[in-house]
Amino acid sequence: MASVVAGARRRALRDGDRQIDTAHLLHSLMETDPEVRAAFDGAPQVARVLGYLVQRSIGYGLRWQGSVEDSGALPLLTQPGWSPAAVTAMEGALTRAGARGDIQGGDIQVGGTDLLAALAADPECRAVEVLDHAGVDARELAARLVEAPPSRQVSQG
């Protein structure tokens, strides 16, 4: 997840956002994780999501700029520089991976699809708004991800 978080942080800074939000996380996941792209319904859907995310980064997201993303979910932790919904999604990914019991060297192994499932499960987050505009049924995506856990994991060290 380190590369996903680093990518999301770069996007937030480049976009002039004060916080990493769930759309930043989704964009970074889509760019870096082939399993995340494979979770969608084919290449046209992936292209629509990425296209919409690019639109967001070049102007669409201006309506979000300067506001805090808060989907109403109460994160267990607060993290400066992170929206409450993004913290909740990261916690959800960790919980999903922990429930699977994939632990190596004392670290829970969180995969990109763990985070994608957590993002898609929050109907009020910006990532789901992006998915909706791109024609992705986030509830169906989240359900599909619950049924099919990731085949390989990325270390969360």
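Rules behind the numbers
Residues numbered from 1 in each chain as written. Predicted model: local features only at pLDDT ≥ 70, side-chain atom pairs only at ≥ 80, totals over all residues. Heavy atoms only, no water. Helix = DSSP H or I, 4+ residues; strand = E, 2+ residues; numbered from the N terminus. Buried < 20%, exposed > 50% of the residue type's maximum accessible area, 1.4 Å probe, protein only. Contact = heavy atoms within 4.5 Å. Areas by Shrake-Rupley, 256 points an atom, 1.4 Å probe, with all protein chains shown as cover. Salt bridge = Lys/Arg side-chain N within 4 Å of Asp/Glu carboxyl O. Axes fitted to C-alpha atoms, helices over the stretch in contact; angles between N-to-C directions. Parallel < 35°, antiparallel > 145°, perpendicular 65-115°, else oblique. Left-handed = near helix turned anticlockwise from the far one by under 90°. Nonpolar A, V, L, I, M, F, W, Y, C, P; charged D, E, K, R; others polar. Core = buried A, V, L, I, M, F, W, Y, C linked by side-chain atoms within 4.5 Å.

*Asks:* Would you mind going over the overall build of the protein chain in detail, with residue names and values included?
*Replies:* Helix and strand content of the protein chain: 8 helices and 2 strands. Each helix (α) and strand (β) of the protein chain, taken in turn from the N terminus, gives the series α-α-α-α-α-β-β-α-α-α. Expressed as a percentage of its 157 residues, the buried residues of the protein chain come to 47%. The contacts in the protein chain between residues at least 6 apart in sequence include a share of 66% that link residues at least 24 apart. Carbon and sulfur atoms make up 57% of the accessible area of the protein chain, which totals about 7600 Å².

*Asks:* Tell me what's going on with the pattern of salt bridges, and back it up with residues and numbers.
*Replies:* Under the criterion given, the structure shown has 5 salt bridges. A salt bridge links Arg11 to Glu31; its shortest N-O distance comes to 2.7 Å. One end of the pair, Arg11, is in helix α1 (residues 2-15); the other, Glu31, is in helix α2 (residues 22-32), with 20 residues separating them in the sequence. Its salt-bridge partner being Arg126, residue Asp21 comes within 2.9 Å of it at the nearest N-O pair. Of this pair, Asp21 sits in the loop between α1 and α2 while Arg126 is found in helix α7 (residues 126-133), placing the two residues 105 residues apart along the sequence. For Arg126, a relative accessible area of 8% puts it in the buried group. Ionic contacts of the salt-bridge type, sharing partners, join the residues Arg96, Arg100 and Asp114 into one network.

*Asks:* Could you give me a rundown of the packing of α1 against α2, with the residues and numbers involved?
*Replies:* Here α1 crosses α2 at 125°, and the two axes come no closer than 8 Å. When the axes of α1 and α2 are compared, the pair comes out oblique. Classified by chirality, the crossing of α2 by α1 is right-handed. In this structure, α1 uses Ser3, Val4, Gly7, Ala8, Arg11, Ala12 and Asp15 to contact α2, whose residues at the interface are His24, Leu25, His27, Ser28, Leu29, Glu31 and Thr32. In terms of residue class, the contact of α1 with α2 is built from 5 nonpolar, 6 polar and 3 charged.

*Asks:* Please give an account of the nonpolar core that cites residues and values.
*Replies:* Among the nonpolar cores identified, the biggest contains 43 residues, and Leu25, Leu26, Phe40, Val49, Leu115, Leu116 and Leu141 are the most heavily contacted of them. Those elements that provide at least two residues to this core are α1, α2, α4 (43-57), α5 (84-100), α6 (112-120), α7 and α8 (138-147). For Leu141, the residues in contact, after removing those within four places along its chain, are Ala39, Phe40, Leu116, Ala120, Leu131 and Val136.

*Asks:* Can you lay out the packing of α2 against α6 for me, pointing to particular residues and giving the numbers?
*Replies:* Contact pair α2 / α6: the axes reach a minimum separation of 11 Å and the direction vectors enclose 145°. Considering how the two elements wind past one another, α2 and α6 form a crossing that is left-handed. In contact with Thr22, Leu25, Leu26 and Leu29 of α2, α6 contributes Gly112, Leu115, Leu116 and Leu119. Counted by class, the contact of α2 with α6 contains 6 nonpolar, 2 polar and no charged residues.

*Asks:* I'd like a description of α2, backed by residues and values.
*Replies:* The element α2 is extensively covered by neighbouring structure, given that 9 of its 11 residues are classed as buried. The complete set of buried residues in α2 reads Thr22, Ala23, His24, Leu25, Leu26, His27, Ser28, Leu29 and Met30.

Take it as geometry only, folks, not as evidence of what the structure does.
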